[in-house]
Amino acid sequence: MVHRRHRLADGRESLFFTDRGGRPVDSVHDARPLDPRSGNGEVRFDRLTGEWVAVAAHRQARTYLPPADQCPLCPTTADRFSEIPAGDFDVVVFENRFPSLGPALGTLPEPGEAGGRELWGRPDPAFGRCEVVVFTPEHTGSFASLSYNRARTVVEAWAQRTEELSALEGIAHVFPFENRGQDIGVTLHHPHGQIYAYPYAAPHAARLAERSRLHLAEHGRPLMGELLRAETEAGDRMVLAGEHFSAYVPYAARWPLEVHLVPHRQVPDLAALTGAERDELAAVYLDLLRRVDGLYETPTPYISAWHQTPVTAADREAGWLHLQLTSPRRAEDKLKFLAGSEAAMGAFVNDTTAEQTAAKLREVRV
């Protein structure tokens, strides 16, 4: 699939991906009088948890739920300039104007044996990169309403960006995701996702990577492969299965609605998928999202998180790509909030069983 690189008025990179059989956007000119890019935020090392925390105070000024005629993700017109200086497009990826990480690249120091004491009180630059992935020029709709051809283009964009971002200086982990719905906290209604390229392995990814490494060292088999096989054999939590991918509600699901979409072959990230696997992924992902939306009469808010392995060799050997789709919706008119046990202790209490959720998703007609 063809993609073209362009530069926005303030120097940010923008990539246009074209659907199969479509016409590439060859010429782009951003005529906006943009201010220079804001400087980096900072990251601070938490000695108590051993985790990095990004501080991005400049993001307070980011666009918040603008009306449709002021959407920065719609195509540019003669009367309205946007972040996409073209009258039409298929899929566009561009550097976020209000990034949590970047735009500078570099390598963070490793905490020393003193528990990171040498890092305390001395913020480091928030190296990295944050990108926006715009799924469609249409202001309304969702990923689930995309055509198969367009969904396949998005999959290709995710894979291409994963490969390229993983090779940048100092990048340790690449995370594509989508926040969908105002209940999740989105600030733009236009169908889109994001990609974060961290200068460290994000805490949850680091924990998964550690467990995967330990399991492989002890048993000689990948942990996710054992889970996929067990869920397939049990069957009562399976939602759908294809030639290359299966989706199931995990046995110990934390959220009222949680589904894992897992490739049958061990791969570390989206970039490692074959063409045939990417073809099927676009179809099964659309199927899954349409089942999620079919549970209720109104659209379901969700977080769609692609768990890719950190870029170190040991993690790539043990890790296994998977999607974690979660929603706080525990009933048509009720949301689960992360209160005391979940927010403070990280100890989840689910309001339904994995088997019940899987059965409901299997019953949805798509």
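Predicted model, so just to flag it, every value in this text is computed and none were measured. (Residues numbered from 1 in each chain as written. Predicted model: local features only at pLDDT ≥ 70, side-chain atom pairs only at ≥ 80, totals over all residues. Heavy atoms only, no water.)

Peer 1: Pulling in residues and values, what's your account of the pairing of strand E8 (residues 173-180)?
Peer 2: Buried residues dominate E8, accounting for 7 of its 8 residues. Pairing of E8 with strand E9 (residues 192-198) involves 5 bridges; the strand directions are antiparallel. In the strand pairing of E9, Phe 175 is matched with Tyr 196. Judged from the 4 bridges that link them, E8 and strand E13 (residues 302-307) form a sheet pairing that is antiparallel. Along E13, the bridge assignment pairs Glu 178 with Ser 304. (Buried < 20%, exposed > 50% of the residue type's maximum accessible area, 1.4 Å probe, protein only. Helix = DSSP H or I, 4+ residues; strand = E, 2+ residues; numbered from the N terminus. Pairing = 2+ DSSP bridges.)

Peer 1: How would you explain the layout of surface pockets if you had to name every residue and give the values?
Peer 2: Taken as a whole, the second largest pocket holds about 420 Å³ of empty space. When contributions to the lining of the second largest pocket are tallied by element, the ones reaching two or more residues are strand E4 (51-55) and helix H2 (203-219). It is H2 that contributes the most residues to the lining of the second largest pocket, 3 residues altogether. Looking at the lining of the second largest pocket residue by residue, the classes come out as 11 nonpolar, 4 polar and 3 charged. (1 Å grid on protein atoms, 1.4 Å probe; cavity = no way out; pocket = protein on both sides within 12 Å on 5 of 7 lines; lining within 4 Å. Points joined across faces, edges and corners; volume = space filled by probe spheres on them. Nonpolar A, V, L, I, M, F, W, Y, C, P; charged D, E, K, R; others polar.)

Peer 1: Lay out the packing of aromatic side chains in plain terms, naming residues and giving numbers.
Peer 2: All told, the structure shown has 12 aromatic pairs when counted by the stated rule. A centroid spacing of 4.8 Å and a plane angle of 15 degrees characterise the contact between Phe 175 and Phe 177, whose relative ring orientation is stacked. For Phe 175, a relative accessible area of 17% gives the class buried. Each residue in the set Phe 135, Phe 143, Trp 158, Tyr 285 and Trp 306 is aromatic and connected to the rest through ring pairs, giving one cluster. (Phe/Tyr/Trp six-rings, centres within 6.5 Å; stacked < 30°, edge-to-face > 60°.)

Peer 1: Describe the sheet that holds E8, and please don't skip the residues or the numbers.
Peer 2: Reading across the sheet, the 11 strands line up as E1-E2-E5-E7-E9-E8-E13-E14-E12-E11-E10 and stay open at both edges, with antiparallel pairing between neighbours. Here the strands that pair on one side only, and so sit at the sheet edges, are strand E1 (3-7) and strand E10 (238-241). Ignoring strand direction, the axes of neighbouring strands in this sheet form an average angle of 20 degrees. Of the pairings in the sheet, the one linking E10 to strand E11 (residues 245-248) comprises 3 bridges and is antiparallel in character. Bridged to Met 238 within E11 is Tyr 248. Contacting E1, strand E2 (13-17), strand E5 (91-95), strand E7 (129-134), E8, E9 and E13, helix H1 (residues 148-166) crosses the sheet at an angle of about 140 degrees to E2. Against the sheet, helix H3 (residues 223-234) engages E10, E11, strand E12 (257-263) and strand E14 (322-327), with an angle of about 70 degrees to E11. (Axes fitted to C-alpha atoms, helices over the stretch in contact; angles between N-to-C directions. Contact = heavy atoms within 4.5 Å.)

Peer 1: Report on unusual backbone geometry, specifying residues and quantitative values.
Peer 2: In this structure, Pro 103 follows Gly 102 across a cis peptide bond, with omega equal to 15 degrees. A positive phi angle, near 45 degrees, is found at Leu 65, a position not held by glycine. With respect to the element layout, Leu 65 can be found in the loop between E4 and E5.

Peer 1: Can you lay out the sheet that holds E4 for me, pointing to particular residues and giving the numbers?
Peer 2: Sheet architecture is open: 3 strands sit in the order E4-E3-E6, paired in antiparallel fashion. The open sheet has two free edges, formed respectively by E4 and strand E6 (124-125), since each of these has just one partner strand. Note: strand E3 (residues 42-46) against E4, 5 bridges, orientation antiparallel. Across the sheet, residue Glu 42 finds its bridge partner in E4, namely Val 55.

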